[in-house]
Amino acid sequence: MDTIDLHTHSTFSDGTFTPLQLVKYAEEKGLKAFAITDHDTTEGIKEAKSIETNVEVISGVEISTRYDKKEIHIVGLYVNENDADLNKQLKYYREKRVTRNFEILEKLNSLGVDITIDDVKESCTGDVISRAHIAKALVSKGFVGSYTEAFDRYLGDNKCAYVPRETLNYEESMELITKAGGVPVLAHPLYKMSDTNLENMMVKLRQKGLKAVEVYYSTHSNSDTQHVMAMANRVGLIYSGGSDFHGATKPKIDMGTGMGKLAVPYEILEKIRGERNG
């Protein structure tokens, strides 16, 4: 079976593979197609498309949004990476990330954790500095023993150095993706909510432009996949899927195969392409 991966990250957000390395790795893994879906930026796509390859490189983005006070993520597939409105909004929210990062560092400093923005930048090569980069700096400076510990002690939601950030609402994010010619996809859909609330959320998102949901995902069991498929069928959403590959940031998750059992069939791309706007 030909397989694909529609959710990966490069060094332009919080991954550890450059876009060119992602292309080469996709070739090594035998993937027929993959999407670069960096957080709040499309800047890595040009680099990925700069070399000849037999792997289809899909332009994507992952946007953090809010639904009923809960953060959810919307992936855009087949977006025009040169779309002016999309990139203007993404730049704005990247700038908001900068403000948030300084607020996190201030909290860490107040806790006796002597870390600076320059320390963080040492682990970042792209435009987006995230909590993942702060976590790497905490590890490299010896304040924690691992990336996981950094989030468990300091950076995770509602931990002592956590700072919420400004995000687009879900309607705005999907409208941006659609106007940029892309297909909005609900990422890693098993959020911490009841099945009823999850399905109701999918219904509301579909009414506002959602087209697909990641039924295939690295942490999904077989039963999880079947469960999300059933919801998607009831709601009228098509299937998507990906590993959420970050490289060394998430070492247990591999491109294409996730935690070892992931296999996203190439056939789902035909329906996803069919939902493109322009």
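Structure first, text after, so check above.
Cut-off values and rules
- Residues numbered from 1 in each chain as written.
- Predicted model: local features only at pLDDT ≥ 70, side-chain atom pairs only at ≥ 80, totals over all residues.
- Heavy atoms only, no water.
- Core = buried A, V, L, I, M, F, W, Y, C linked by side-chain atoms within 4.5 Å.
- Buried < 20%, exposed > 50% of the residue type's maximum accessible area, 1.4 Å probe, protein only.
- Helix = DSSP H or I, 4+ residues; strand = E, 2+ residues; numbered from the N terminus.
- Contact = heavy atoms within 4.5 Å.
- Arc of directions from axis to C-beta.
- Polar contact = N/O pair within 3.5 Å; in protein donor to acceptor, adjacent residues only side chain to side chain.
- Axes fitted to C-alpha atoms, helices over the stretch in contact; angles between N-to-C directions.
- Parallel < 35°, antiparallel > 145°, perpendicular 65-115°, else oblique.
- Nonpolar A, V, L, I, M, F, W, Y, C, P; charged D, E, K, R; others polar.
- Pairing = 2+ DSSP bridges.
- Phe/Tyr/Trp six-rings, centres within 6.5 Å; stacked < 30°, edge-to-face > 60°.

(A) Inspection of the nonpolar core at higher detail. Formed by 49 residues in total, the largest nonpolar core has its most connected members in Leu-6, Ile-72, Leu-186, Met-202, Leu-205 and Ile-272. At five residues, the largest contribution of residues to this core is made by helix H9 (residues 222-235). Residues in contact with Ile-272, not counting those within four places in the same chain, are Leu-6, Leu-77, Tyr-78, Val-183, Ile-238, Tyr-239 and Ser-240. Grouped together as the second largest cluster of nonpolar side chains are 19 residues, Val-113, Ile-117, Val-144 and Leu-155 included.

(B) Fine view of helix H7 (residues 170-179). Every buried residue of H7 is accounted for by Tyr-170, Ser-173, Met-174, Leu-176 and Ile-177. Relative to the axis of H7, the buried residues are bounded by an arc of 155 degrees and lie together on one face. Considering only its buried residues, H7 is in contact with strand E3 (56-67), strand E4 (70-77), helix H3 (84-110), strand E5 (168-169), strand E6 (183-186) and helix H8 (195-207). In this structure Asn-169 caps H7, since a side-chain oxygen of it lies 3.0 Å from the backbone nitrogen of Glu-171. Looking one or two residues past H7, Gly-181 carries a phi angle of roughly 80 degrees, positive in sign.

(C) Molecular detail of the packing of helix H5 (residues 131-140) against helix H6 (residues 147-155). Running from amino to carboxyl end, H5 crosses H6 at an angle of 105 degrees, the nearest separation of the two axes being 9 Å. It follows that H5 is roughly perpendicular to H6 by the angle criterion. Residues Arg-131, Ala-132, Ile-134, Ala-135, Leu-138 and Val-139 of H5 lie in contact with H6, whose contacting residues are Tyr-147, Ala-150, Phe-151, Tyr-154 and Leu-155. Across the contact of H5 with H6, the residue classes break down as 10 nonpolar, no polar and one charged.

(D) Structural view of the pairing of E4. By the criterion of burial, E4 is predominantly enclosed, with six of the eight residues buried. With eight bridges joining them, E3 and E4 adopt antiparallel strand pairing. Its bridge partner lying in E4, Val-61 is registered against Gly-76. Taking the residues between adjacent antiparallel strands as the criterion, E3 and E4 are bridged by two residues, where Asp-68 takes a positive phi near 50 degrees. Both E4 and E6 contribute to a ladder of four bridges, which runs antiparallel. When the sheet's bridge partners are listed, Leu-77 is paired in E6 with Val-183.

(E) Spatial organisation of the packing of aromatic side chains. Counting across every chain of the model gives six aromatic pairs. Taking 5.0 Å as the distance between ring centres and 80 degrees as the angle between the ring planes, the aromatic pair formed by Phe-17 and Phe-245 counts as edge-to-face. Residue Phe-17 is found in the loop between strand E1 (3-8) and helix H1 (19-28), and its partner Phe-245 is found in the loop between strand E8 (238-242) and strand E9 (264-265); the two are separated by 228 residues along the sequence. With a centroid separation of 5.1 Å and an interplanar angle of 50 degrees, the aromatic rings of Tyr-147 and Phe-151 are classed as tilted. Here Tyr-147 and its partner Phe-151 are both found in helix H6, four residues apart, which amounts to about one turn of the helix. Given the relative accessible area of 26%, Tyr-147 is considered partly exposed. An aromatic cluster is defined as three or more aromatic residues linked by ring pairs; in this entry it consists of Phe-17, Tyr-25 and Phe-245.

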